[in-house]
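Architecture at a glance
The residues making up each chain are set out below.
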Amino acid sequence: MGARQGKPGLRGALIGYGTIAEGHLTGISRTDGLEITAVVDVSPARRAAARRELPGVRVLAELDELPVEELDFIDVCTPPHAHLDGIRFGLRHDLAVLCEKPLLLDRRELEALEPEEKASRGFLFPCHNYRFAPSVIAMKAALAGCGAADGDFRGHFRTLRTSHARGTADWRPDWRRERSVGGGGILRDHGPHSVYLAAHLVGSRPDRVRCDLRRPEGGPYADTEEYAFLSLSFASGAVVDFELDWTAAGRQTSYLVSGSWGHVRLIDDDLEQCVDGSARRSRLPSDFNDPRHGNWFKGVFEEFLAEVSEGGRSARLREDAAVTIRVIEAAYRSAALGGRWIDV
Ligand SMILES: NC(=O)c1ccc[n+]([C@@H]2O[C@H](COP(=O)([O-])OP(=O)(O)OC[C@H]3O[C@@H](n4cnc5c(N)ncnc54)[C@H](O)[C@@H]3O)[C@@H](O)[C@H]2O)c1
């Protein structure tokens, strides 16, 4: 990493000071050894908010104004269209780079980045925060104790929302319905969480995907899908189906995994475990309905610090993110081909 490597406490800059940046700040404030010393945002109103809310932090309009010699990391929290530029900037200056999902939009962006990653003393770290929801942690532990780990794993994950999430009112609140900003609709927005979570719960990476999409038939959002159905298959024999819906009657996040051993089901905060005929229920407040997911980011930043201490060498999460990007890209291709199975 950059010039400050080895000094106590790592200093970072937030790039994009909107909704999710608040969740990141909560995580950073609960993690020893990290502080935010600068913010970059293109919106004058968001810069004004940062000056108000983060006294003492340098607030800037352009990445190029950042005092990179005073930084160890940047944390890219912009909408997807600006992720690649943010990542490139950080790597060029030998900084560690955290970045929100979707990390990048396709294989071409990923491949274009490879030489820059190799040449940099920094590294790329994707924020896979859903793995740190308390109920997901409990679900992973429950699955470890039954036959699911051997591929006897059938998943059905549902992310039901009554609309797309809106971003900060100070910029373009409906950017998730602008293809040139979000890179797609619900598959691009929620798909990454479902894919990395499936890989995490199965314990390996998927190798094939098929997908159906639905876009509105007209109107301003016609080029972004608002419903997606995916099936992911794994070499172990595991299969996970996802439903992602921005047009549902109510909001719910649920993950059901079943096999000949029984089932484990999570609906928002409620975990039900039925293994070998005996059922157990527990409630784990997990804040699935908090758009900032502030409670889940401590785990992300602790994982980041562990990666820093290894000099960014483990690259496990980086590879998980690369597979996730390839799956989403293949899912769009599958949908364009009428739902054919596509190798990842
Ligand atoms: N991990 C999660 O659970 C989660 C949840 C929500 C959003 N996200 C991701 O976080 C990112 C941001 O989403 P959000 O909901 O916070 O959006 P938002 O609209 O609330 O905030 C985005 C901010 O980025 C700023 N911005 C836009 N372009 C910029 C640029 N080129 N340089 C600097 N600043 C720029 C905007 O002014 C705004 O303040 C997206 O990639 C989104 O997918 C992740």
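Criteria and thresholds
- Residues numbered from 1 in each chain as written.
- Predicted model: local features only at pLDDT ≥ 70, side-chain atom pairs only at ≥ 80, totals over all residues.
- Heavy atoms only, no water.
- Helix = DSSP H or I, 4+ residues; strand = E, 2+ residues; numbered from the N terminus.
- Rg over C-alpha atoms; globule rule 2.2 N^0.38 Å.
- Buried < 20%, exposed > 50% of the residue type's maximum accessible area, 1.4 Å probe, protein only.
- Contact = heavy atoms within 4.5 Å.
- Areas by Shrake-Rupley, 256 points an atom, 1.4 Å probe, with all protein chains shown as cover.
- Lys, Arg positive; Asp, Glu negative; His and termini not counted.
- Charge placed at Lys NZ, Arg CZ, Asp CG, Glu CD.
- Near = heavy atom within 4 Å.
- Polar contact = N/O pair within 3.5 Å; in protein donor to acceptor, adjacent residues only side chain to side chain.
- Domains from an automatic or database assignment.
- Pairing = 2+ DSSP bridges.
- Axes fitted to C-alpha atoms, helices over the stretch in contact; angles between N-to-C directions.
- Salt bridge = Lys/Arg side-chain N within 4 Å of Asp/Glu carboxyl O.
- pLDDT = per-residue confidence, 0-100.
- Disulfide = S-S within 2.5 Å.

Across its full length, the protein carries 9 helices and 15 strands. Since a compact globule built from 344 residues should have a radius of gyration of about 20 Å, the 20 Å found for the protein is in line with a globular shape. Along the longest, intermediate and shortest principal axes, the C-alpha atoms of the protein span 60 × 45 × 40 Å. Considering the protein as a whole, with its 344 residues, one finds that 56% of them fall into the buried category. The long-range fraction of contacts in the protein, counting pairs at least 24 apart against all pairs at least 6 apart in sequence, stands at 67%. A total accessible area of about 14500 Å² is found for the protein, and carbon and sulfur atoms account for 48% of it. Positive and negative side-chain charges in the protein, numbering 45 and 51 respectively, have mean positions lying 1 Å apart.

Here the focus is the site of the ligand. Neighbouring the ligand are 31 residues; Thr19, Ile20, Asp41, Lys101 and Thr168 lie closest to it. In this structure, an oxygen atom belonging to the ligand sits 2.8 Å away from a main-chain N or O atom of Thr168. Compared with its free state, where it exposes 850 Å², the ligand has 93% of that area covered by protein. Elements with a minimum of two residues in the shell around the ligand: α1 (19-29) and α7 (186-202). Mapped onto the domain boundaries, the shell around the ligand takes at least three residues apiece from domain 1 (10-129) and domain 2 (137-295 + 325-343).

Next up on the list: the sheet that holds strand β5 (residues 96-99). The 6 strands lie next to each other as β3-β2-β1-β4-β5-β6, forming an open sheet whose pairing is parallel. What marks the edges here is a single partner per strand, and that holds for β3 (58-60) and β6 (124-126). Strand-to-strand twist across the sheet, computed as the mean angle between neighbouring axes with direction ignored, equals 25 degrees. Taken together, the 4 bridges between strand β4 (residues 73-76) and β5 define a ladder with parallel strand orientation.

To continue, consider the pairing of strand β10 (residues 239-245). Along any regular strand, the residues point their side chains to alternate faces of the sheet. Of all 7 residues making up β10, 7 are buried, and the element is well covered by its neighbours. Alternating residues of β10 divide into Val239, Asp241, Glu243 and Asp245 and Val240, Phe242 and Leu244, and every residue in both groups is buried. Bridging between strand β7 (residues 154-160) and β10 involves 7 bridges; their strand directions are parallel. For Gly155, the partnering residue across the bridge sits in β10 and is Val240.

Let's shift gears to the pattern of salt bridges. Scanning the model with the defined rule gives 26 salt bridges in all. Here Arg131 makes a salt bridge to Glu303, at a shortest N to O gap of 2.6 Å. In this pair, Arg131 sits in the loop between β6 and α5 (134-144) while Glu303 sits in helix α8 (residues 297-309), placing the two residues 172 residues apart along the sequence. Across the pair, exposure class does not vary: Arg131 and Glu303 are buried alike. A salt bridge links Glu302 to Lys298; its shortest N-O distance comes to 2.5 Å. Of this pair, Glu302 and Lys298 both sit in helix α8, 4 residues apart, which is roughly one turn of that helix. Its relative accessible area of 40% is what places Glu302 among the partly exposed residues. On the basis of relative accessibility, which here comes to 30%, the residue Lys298 falls in the partly exposed class. What emerges from the salt-bridge pattern is a single network uniting Arg131, Arg205, Glu303, Arg316 and Asp320.

Low pLDDT means the predicted coordinates in that region are not meant to be read closely. When the pLDDT values of the protein are averaged, the result is 94; 98% of them are 70 or greater. Counted against residues more than four places away or in other chains, residues 2-7, with its pLDDT under 50, gives 10 contacts.

What follows covers the pairing of strand β8 (residues 206-214). Pairing geometry for β8 and strand β9 (residues 227-234), over 8 bridges, is antiparallel. Its bridge partner being in β9, Val209 is matched across the sheet by Leu232. Judged from the 2 bridges that link them, β8 and strand β15 (residues 342-343) form a sheet pairing that is antiparallel. Bridge pairing in β15 links Arg208 to Asp343.

Overall, the coordinates contain 0 disulfides when judged by the stated rule. In this model Cys146 remains outside any disulfide bridge; the closest cysteine sulfur is found in Cys274, 11 Å from its own.

All right, on to unusual backbone geometry then. Of the consecutive residues Lys101 and Pro102, the connecting peptide bond is found in the cis state with omega at -15 degrees. Relative to the helices and strands, Pro102 is located in the loop between β5 and α4 (107-119). Positive phi, normally seen in glycine, also occurs at Asp276, with a value near 50 degrees. Inspection of the secondary structure puts Asp276 in the loop between β13 (270-275) and β14 (278-283). For Ala315, which is not a glycine, the phi torsion comes out positive at approximately 55 degrees.

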